Amino acid sequence: MIARLRGAYRGMRLGTRLALGLGALSLVVFAVVGTALTTYMRDYLSAQLDTQLAQAQIAQSKSIADYGTLSGKKYYSWFYAVYDVSDGRTELRRPEDPADLPKDVDDFTSLARAQTAAHTELLRTEHLKGAGSYRLRACEVEPGVVLVSAAPMDDIEDTVGQLVTLQVVAFGLALLALVIFGRRMLRRGLKPLSDMASTAHGIASHDLTESAARLPLRVDGRDGGPEVDELRTAFNTMLEHIDDSLAVRAEAEQRLRRFVADASHELRTPLMSVRGYADLFQYAAANAPEERDRHLARLRAEAARMGVLLDDLLLLARLDAAEVEAPLRLQEADLGELVGQAADAFRAGRPGHPLTVLAGPAPVRLLMDPQRIRQVLDNLLANAAVHTPAGTKVSVEVAVVPGAAEVRVADAGPGIPPGDQARVFDRFYRVDKARSRDRGGSGLGLAVARSLVRAHGGRIELNSAPGATVFTVRLPVRGVRPADR
């Protein structure tokens, strides 16, 4: 039975449970207040009755002492008994009216004896046979004479009973009103929580497996007080975070699909070339030995190209997992010296593009991976040569600005269209879609450069317009040291 009641209670809504709990608490409060009020009223009425008994016995004692009777000093439904006490014996005087005594006077006699022994007024509450509850008071009229008076307590009991009835009715109505209206108020106050629950159910029914899944659901309203408002704000913030996470996941999935497709496509071409040149090499070895070396050279070139592509893919993968394995070997090096080495290599490999180097005489020493920064410079210079006509001027500038060291690689070529500038750092992206791979590369150079710069804690920026394209590499100030003097 108790388990069933617990199950039914747990199955109730929170508002109903709170209303019942509030009702139970109110019932306890009403019981305590009612008991205290009833006890106070009973004690107050009993004290009033005791005072009335004492005042009546003063007059009755005077009448007995003066006239030996109680004539004119009696109250309706009261009992009176006069005792003569001598030598430890207590004798009841014959009453003036038989109605002055109850059927059983043992309680009167016992109280009279007790008063004689105590020599002071005594009060008791007794239930007299056939008469009900009475308040008895014994006092000494004169030496050897004791008066015992008894006043009925029916009025007190009736008054207390009416008070209890009134309290039960009033408290019952108040409790009923409290449960009904309190339940309504609690439901209204808990409505924001119900709205959050509905929103949560809506989210549960939303298909989160879609690549572009979003959560248009939010909890609105301003009811419920500061606590509920704080919970509502936290709930909506959580939904925003879930939305952002879903967007990032969808974007990552799309990039992964595009990356896998592009990588497969890029690797397919050199693999097909390797296979074709291998067949040609086999044919030349058997039929045209003079062509064998040329086919072997092309075979090696395609294999080397595929190796470069795989190295770039591996490097990007390691940079993406930099939290697990940092692909950098940091040491102190001169940025200007690296720029000079990259410039010399560029002049040797790209004689058709005049190169200008602008660098101060003082070295710029940074904490970096020289090999990877050199790779960034080579990629940027190669990008400038590949995407500009022969004879286009190229410049490299090294500068120290507040908070960072910068390398600016600029060319005077046709520039990059505004619609492509935001995507030039994407993997396998080419501005000229018709450009051959032999001339345009794999499309990983700028992606590798950006990832390497980010791995150093820096950033790379692009500003391009017709006649001026500038890539700016900014490395953090924590690696910059003042020039030695």
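Computed from a prediction, not measured in an experiment: that's the story for all the values here. (Residues numbered from 1 in each chain as written. Predicted model: local features only at pLDDT ≥ 70, side-chain atom pairs only at ≥ 80, totals over all residues. Heavy atoms only, no water.)

Student: Mind showing me how you'd approach the overall build of the chain here?
Tutor: Counting secondary structure elements, the chain contains 11 helices and 12 strands. For the chain, the residues scored as buried account for 35% of the 485 residues in total. Per element, the accessible surface of the chain, about 28,900 Å² overall, is 56% carbon and sulfur. (Helix = DSSP H or I, 4+ residues; strand = E, 2+ residues; numbered from the N terminus. Buried < 20%, exposed > 50% of the residue type's maximum accessible area, 1.4 Å probe, protein only. Areas by Shrake-Rupley, 256 points an atom, 1.4 Å probe, with all protein chains shown as cover.)

Student: Which parts of the structure should I look at to understand the sheet that holds strand β5 (residues 145-152)?
Tutor: Sheet strands pair by backbone hydrogen bonding; their relative direction is either parallel or antiparallel. One open sheet holds the 5 strands; their spatial order is β2-β1-β5-β4-β3, and the pairing between them is antiparallel. Of all strands in the sheet, those with a lone pairing partner are β2 (89-92) and β3 (122-128), marking the two edges. Adjacent strand axes in the sheet meet at a mean angle of 30 degrees when their direction is disregarded. Two strands pair when backbone bridges link them, and β3 and strand β4 (residues 132-142) are joined in this way by 7 bridges, in the antiparallel orientation. Note that in β4 the partner of Arg124 across the bridge is Leu136. Lying on the sheet, helix α3 (residues 106-118) is in contact with β1 (79-86), β2, β3, β4 and β5; it crosses β3 at an angle near 165 degrees. (Pairing = 2+ DSSP bridges. Axes fitted to C-alpha atoms, helices over the stretch in contact; angles between N-to-C directions. Contact = heavy atoms within 4.5 Å.)

Student: Can you walk me through the nonpolar core in this structure?
Tutor: When a protein is soluble and globular, its nonpolar side chains tend to lie buried together. Grouped together as the largest cluster of nonpolar side chains are 43 residues, with contacts concentrated most on Leu335, Leu380, Leu381, Val407 and Val473. At 7 residues, the largest contribution of residues to this core is made by helix α8 (residues 370-386). Setting aside anything within four residues of it in sequence, one finds Val473 in contact with Val376, Leu380, Ala405, Glu406, Val407, Val453, Arg459 and Ile460. Core analysis: the second largest hydrophobic core is formed by 17 residues, Ile64, Leu70, Val82 and Met153 among them. (Core = buried A, V, L, I, M, F, W, Y, C linked by side-chain atoms within 4.5 Å.)

Student: Help me understand the packing of α8 against helix α11 (residues 445-455), please; the structure alone is not making it clear to me.
Tutor: A pair of packed helices is characterised by two quantities: the angle between their axes and the separation of those axes. Contact pair α8 / α11: the axes reach a minimum separation of 9 Å and the direction vectors enclose 145 degrees. Regarding α8 and α11, the two cross each other, and that crossing is left-handed. Where α8 abuts α11, its residues Arg372, Gln375, Val376, Asn379, Leu380 and Asn383 lie against Gly445, Leu446, Val448, Ala449, Leu452 and Val453. (Left-handed = near helix turned anticlockwise from the far one by under 90°.)

Student: Teacher, can you tell me more about the pattern of salt bridges here?
Tutor: For the structure on display, the rule yields 12 salt bridges. When the shortest N-O distance is used, the salt bridge between Asp378 and Arg374 registers 3.0 Å. Taken as a pair, Asp378 and Arg374 lie in helix α8 at a separation of 4 residues, close to a single helical turn. Glu406 is the partner of Arg474 in a salt bridge, and the nearest nitrogen-oxygen pair spans 2.3 Å. Linking Arg474 in strand β12 (residues 468-476) with Glu406 in strand β10 (residues 404-411), this pair joins segments that are 68 residues apart in sequence. Arg474 sits in the buried class, given a relative accessible area of 18%. (Salt bridge = Lys/Arg side-chain N within 4 Å of Asp/Glu carboxyl O.)

Student: Before we go on, may I ask you to explain the packing of helix α7 (residues 335-349) against α8 in this structure?
Tutor: Their axes nearest at 9 Å, the elements α7 and α8 cross at an angle of 40 degrees. When the axis of α7 is compared with that of α8, the two are oblique. As α7 packs across α8, the resulting crossing turns out to be right-handed. On the side of α7, the interface is formed by Leu335, Leu338, Val339, Gln341, Ala342, Ala343, Ala345 and Phe346, while α8 contributes Pro370, Ile373, Arg374, Leu377, Asp378, Leu381 and Ala385. Counted by class, the contact of α7 with α8 contains 12 nonpolar, 1 polar and 2 charged residues. (Parallel < 35°, antiparallel > 145°, perpendicular 65-115°, else oblique. Nonpolar A, V, L, I, M, F, W, Y, C, P; charged D, E, K, R; others polar.)

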